[in-house]
Amino acid sequence: MIQLSPQNVQLNSRARNKEEAIRAAGRVLIEAGNIEPGYVESMLGREKQANTYLGNGIAIPHGMKEDRELILNTGVSVVQVPDGVEWNPGQTVRLVVGIAARSDEHLGILSALTDVLDDPAEAERLAKTNDPADVIAALTRGAPSKPPAPAEQLVDAHHMDVKVLSDAGLHARPATFLVDVAKQFESEIRVQYGAKIANAKALASLLKLGVESGGTIRILASGRDAQAALVALKEAVESGLGEEEEVKEPAPKAIAWTPKSSVRAITGVGASPGLAIGRLFQFQANQILVKDTPRDPENEKTAFKQALETAREQLGAIHDAVQERSGKSEAAIFRAHQELLSDSDLYGEVSFLIDDGHSAAWSWQHAIETRIADLRQLQNERLAGRAVDFHDVGQRVLRLLAGTEQGDPHLPDDPVILVADDLTPSDTARLDPKRILGLCTALGGPTSHTAIIARSLGIPAVVGVGAVVLEQKGGITCILDGAAGRLYPEPGVAEIESAKKFQIELQHQRDEEFETRYQPAVLTDGHRVEVVANIGKATEAATAVEAGAEGVGLMRTEFLFLERDTPPTEEEQFEAYTTMTRALNRLPLIIRTLDIGGDKVVPYLSLPKEDNPFLGVRGIRLCLRRPELFVPQLRAIYRAASTGPIKIMFPMVSTFEELREAKEMAEEVRKNLGAPPVEIGIMVEVPSIAVMAGEFAQEVDFFSIGTNDLTQYALAIDRVHPALAKQADSLHPAVLRMIDLTVRAAEAAGKWVGVCGGAAGDPRGAVILAGLGVRELSMSLPSIAAVKAHLRGISYARAKAFAKKALACKTAGEVHALSLPV
């Protein structure tokens, strides 16, 4: 427990703004010998990323975790501002409690603060007192140290004891994680620590416990799902309450850019390496043009209700994701958006318009636009600004309603750093890469469409940064670091000059890699790994060779079926495949048969809507059910095989029955054409194939592991889910162990294994995969030269040792924390 003295308390201060208040709290900490002066900038930097306002006029500014080395001794400062200072819009602070914590010694004070939060009169007294002793007494109440004692606070309660392993105890971030888990259950849930007990679904209540690292808590639950709640909460606590995501990942490059000083950064997940400097442009998802065609009113009302409910669910998922990343303040806007959907007056007006003969989409748009116009006329700037919220909600519902069309997106003439909520495949297909310096999205993960497209185009990209990026003003200058996963809004002159210098250094490195792109990836001790390309168009085959590819490891044939009104004919496909073989000039070409379904939709195929398309009719399942699509494609492939070395690869195989039926259809086509046999392999994208790789190896000529989908199915994370995509990490030990299992089974059968997912194009992933024995790495064109150059600089022995360490890890964070062999 920290001992406060009058030296730590500054009464009757004045502050014109939040920055002055934080600097005042920082000065007290400096004068007390707690921090280096640079930690004050870290406190200001944290404020840009998260809201430190607690309530009842109290805020707790503190620095960023990576700057803890600037803390000399754990300490707390208290700055009283009787006249108050605006912390955030609508939030006035009169008691600023600055925290510099190297460990968990501050938790007792945080616990006492939550007591003050529950007592407005006490908060008011401390904001006006002229005696430092009053503040010291209120904030130095001891934290419990006794082990949990039996308690019967809940009727028929079940309980479990568990030790809190979080480095800093049950502070705000892990406590929020625990609350989120508890709220998933109906049961009443309590957490007991010593003599204190708290509601597990209330953050302030939990913080009062003052649980320190290593402390044992008792979780009690009473209700229908009590046992399930206890199991989930115990697992959450033992797994670190989300704190493992704080592991700092080394940049997977030989050189990395570091800002000259502490500057504001918006942090997400690095999706495509590179550094971009330019103006920020807020991308508005494709304009929705509404048709007002007469329809049955009852059907329209049903469609309207369904759209509202779906929009509520989407907003709830976004809220939860943002809250977990950035806190309640950042997430609150999405709760407000949900409330707009519950506006009874708005609902009544739309229903009236539908009854009057208008479509649901037109009625909704009319009602929303009327309210937007009214709000924009208001003199109150804050209320007028709420028009943006109505627009966002309106567009979300319109996208869900039938009878809409999408227009082309608009981009400025000059290249920009494009910012968006998220980008769909249709969005990315319509964007002009020449006008985009970098991409930054609020949602998404490393395997999202934005990430995949950005890597394929060589555009720096950061994904999963949260809603804060959507609040940045269009036109401001930014620096986007795709390797580090950070966006720096409005950097200073020194940072811009530093970033420009780094761009020159990075380009020099890329030029050196490109000059040696045709050299094979032969490791220093003679082991060779083939590096090939992922492509989706016939014209990309020649570009792949120019990029240094030793062939094509994945030809995504579904792109031949997209952005058209009818399926491509056999002749069209034959021409596309032969164009590739000619360009490759006897280099190998692996053609993956049609992989439609999941997140890839082809409207003209009229596929039925599925509740979970990723677990439905996609890949080989669709081909087997639609021979009118599958057979012409197989005929085109076998015919083209006479012009070059082609292999066939079936996607999304999960059972022996599917594989055998597909092979039988292929063999029948081959015999009818009188064509020679070709090698046939399968994608390893579902755990059933990895687990039974030994048996499947007897039936195929090769395996190609799709790490994006394998990660999705192994971790049960929808890779396009707004709240979870960020966690879909292909270097998770569970995924790596499945790859290892597949490689060992294939080697025993004398077969080879390739990888064509995103992990292959990342230097860290490439080294691990090579060390596991993967023989072929297939990747986006811009990654080829860099991966080949990196592999040529290490030995196979070092790669194997590195892969062994990765397999022994427990989390993806631990894998990323391993020192990459260079």
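Since we're looking at a predicted model, the values are computed, not measured.

The rules we used
Residues numbered from 1 in each chain as written. Predicted model: local features only at pLDDT ≥ 70, side-chain atom pairs only at ≥ 80, totals over all residues. Heavy atoms only, no water. Axes fitted to C-alpha atoms, helices over the stretch in contact; angles between N-to-C directions. Helix = DSSP H or I, 4+ residues; strand = E, 2+ residues; numbered from the N terminus. Parallel < 35°, antiparallel > 145°, perpendicular 65-115°, else oblique. Left-handed = near helix turned anticlockwise from the far one by under 90°. Contact = heavy atoms within 4.5 Å. Nonpolar A, V, L, I, M, F, W, Y, C, P; charged D, E, K, R; others polar. Salt bridge = Lys/Arg side-chain N within 4 Å of Asp/Glu carboxyl O. Buried < 20%, exposed > 50% of the residue type's maximum accessible area, 1.4 Å probe, protein only. Patch = residues over 30% accessible without salt bridge, like charges linked within 9 Å, V, L, I, M, F, W, Y side chains within 5 Å. Areas by Shrake-Rupley, 256 points an atom, 1.4 Å probe, with all protein chains shown as cover. Expected span 1.5 Å × (residues − 1). Polar contact = N/O pair within 3.5 Å; in protein donor to acceptor, adjacent residues only side chain to side chain. Arc of directions from axis to C-beta. pLDDT = per-residue confidence, 0-100. Pairing = 2+ DSSP bridges. Core = buried A, V, L, I, M, F, W, Y, C linked by side-chain atoms within 4.5 Å. Right-handed = clockwise from strand over helix to strand, strands pointing away.

## A look at the packing of helix H27 (residues 763-772) against helix H28 (residues 784-792)
Helix-helix packing is characterised by the crossing angle of the two axes and by the distance between the axes. Running from N to C, H27 and H28 cross one another at 50 degrees; their axes reach a closest spacing of 10 Å. The angle between the axes of H27 and H28 places the two elements in the oblique class. Both H27 and H28 take part in a crossing whose hand is right-handed. Mapping the contact onto sequence places Pro763, Ala766, Val767 and Ala770 in H27 and Val787, His790 and Leu791 in H28. Here the contact of H27 with H28 is built from residues that sort into six nonpolar, one polar and no charged.

## Here's the deal with the pattern of salt bridges
Across all of its chains, the model carries 31 salt bridges by this definition. Notably, a salt bridge pairs Arg23 with Glu41, separated by 2.9 Å at the nearest N-O pair. Separated by 18 residues along the polypeptide, Arg23 in helix H1 (residues 18-31) and Glu41 in helix H2 (residues 38-49) bring together distant segments of the chain. What makes Glu41 partly exposed here is its relative accessible area of 31%. In this structure, the salt-bridge partner of Lys663 is Glu699, at a minimum N-O distance of 3.6 Å. Here the residue Lys663 occupies a position in helix H22 (residues 656-673), and Glu699 occupies one in the loop between helix H24 (693-696) and strand S26 (702-705), the gap between them amounting to 36 residues. Exposure remark for Lys663: the relative accessible area of 25% places this residue in the partly exposed category. Salt bridges linked by common partners bring Glu558, Arg592, Asp595, Arg618 and Asp709 together as one network.

## So, a nonpolar patch on the surface
A surface patch of nonpolar side chains, about 240 Å² in accessible area, is lined by Val691, Met692 and Leu741. In this structure, Met692 sits in the loop between helix H23 (687-691) and H24.

## Side note on H1
Counting along an α-helix, one turn takes 3.6 residues, and residues three or four places apart therefore face a common direction. For H1, built from 14 residues, the straight-helix expectation of 20 Å at 1.5 Å per residue is met to within 8% by its first-to-last C-alpha distance of 20 Å. Those residues of H1 that sit buried are Lys18, Ala21, Ile22, Ala24, Ala25, Gly26, Val28 and Leu29. The N-cap of H1, judged by a side-chain oxygen 3.2 Å from the amide nitrogen of Glu19 a few residues on, is Asn17. Directly beyond the C-terminal end of H1, a positive phi value near 80 degrees is found at Gly33.

## Let's talk about helix H5 (residues 132-139)
Along H5, the residues that are buried comprise Val135, Ile136, Ala138 and Leu139. In an axial view of H5, the angular spread of the buried residues amounts to 165 degrees, which keeps them on one side of the axis. Among the residues of H5, the N-terminal cap falls to Asp131, whose side-chain oxygen and the backbone nitrogen of Ala133 are separated by 2.9 Å.

## Comments concerning the confidence of the model for the protein chain
As a general rule, the predicted coordinates of low-pLDDT regions are not to be interpreted in detail. Counting all residues, the mean pLDDT for the protein chain is 83, and 83% of those residues have values of 70 or more. Scored below 50 in pLDDT, residues 142-152 shows 17 contacts in the model against residues more than four places distant or in partner chains. For residues 403-407, every residue scores under 50 in pLDDT, and the model assigns this stretch 20 contacts once sequence neighbours within four places are set aside.

## Things to note about the sheet that holds strand S15 (residues 416-420)
Judged by pairing direction, the sheet is mixed, and its eight strands sit side by side in the order S10-S19-S18-S12-S15-S16-S17-S11 without closing on themselves. One side of each edge strand has no neighbouring strand; the edge strands of this open sheet are strand S10 (266-267) and strand S11 (269-272). Taken together, the five bridges between strand S12 (residues 275-282) and strand S18 (residues 477-481) define a ladder with antiparallel strand orientation. Each residue of the ladder has a partner; that of Arg279, found in S18, is Thr477.

## Concerning the nonpolar core
Counting residues in hydrophobic clusters, the biggest one holds 102 residues, and the most contacted among them are Phe650, Phe703, Ile739, Leu777 and Leu791. Aside from chain neighbours lying at most four places away, what touches Phe703 is Ile682, Val684, Ile689, Ala693, Phe696, Ala697, Thr742, Ala746, Trp752, Val753 and Gly754. Among the nonpolar cores identified, the runner-up in size contains 27 residues, and Val164, Ala200, Ala229 and Val237 belong to it.

## Things to note about the pairing of strand S22 (residues 552-556)
The element S22 is largely enclosed, with a buried count of four among its five residues. Looking at chain direction, strand S21 (residues 528-535) and S22 are connected through three bridges and run parallel. In the strand pairing of S22, Ile535 is matched with Met555. Bridge analysis of S22 against strand S23 (residues 589-592) gives three bridges, and the strand direction is parallel. What sits directly across from Arg556, in S23, is Arg592. Handedness of the crossover joining S22 and S23 through helix H19 (residues 570-584): right-handed.

## Notes on the environment of Phe514
Structurally, Phe514 is set in helix H17 (residues 493-515). In sequence terms Phe514 and Ala789 are 275 residues apart; their C-alpha atoms lie 8.8 Å from each other.

## What about the packing of helix H4 (residues 120-128) against H5?
Contact pair H4 / H5: the axes reach a minimum separation of 8 Å and the direction vectors enclose 145 degrees. Once H4 is placed against H5, the crossing between them reads as left-handed. Residues Glu122, Arg125 and Leu126 of H4 lie in contact with H5, whose contacting residues are Asp134, Val135 and Ala138. Residues that form the contact of H4 with H5 fall into these classes: three nonpolar, no polar and three charged.

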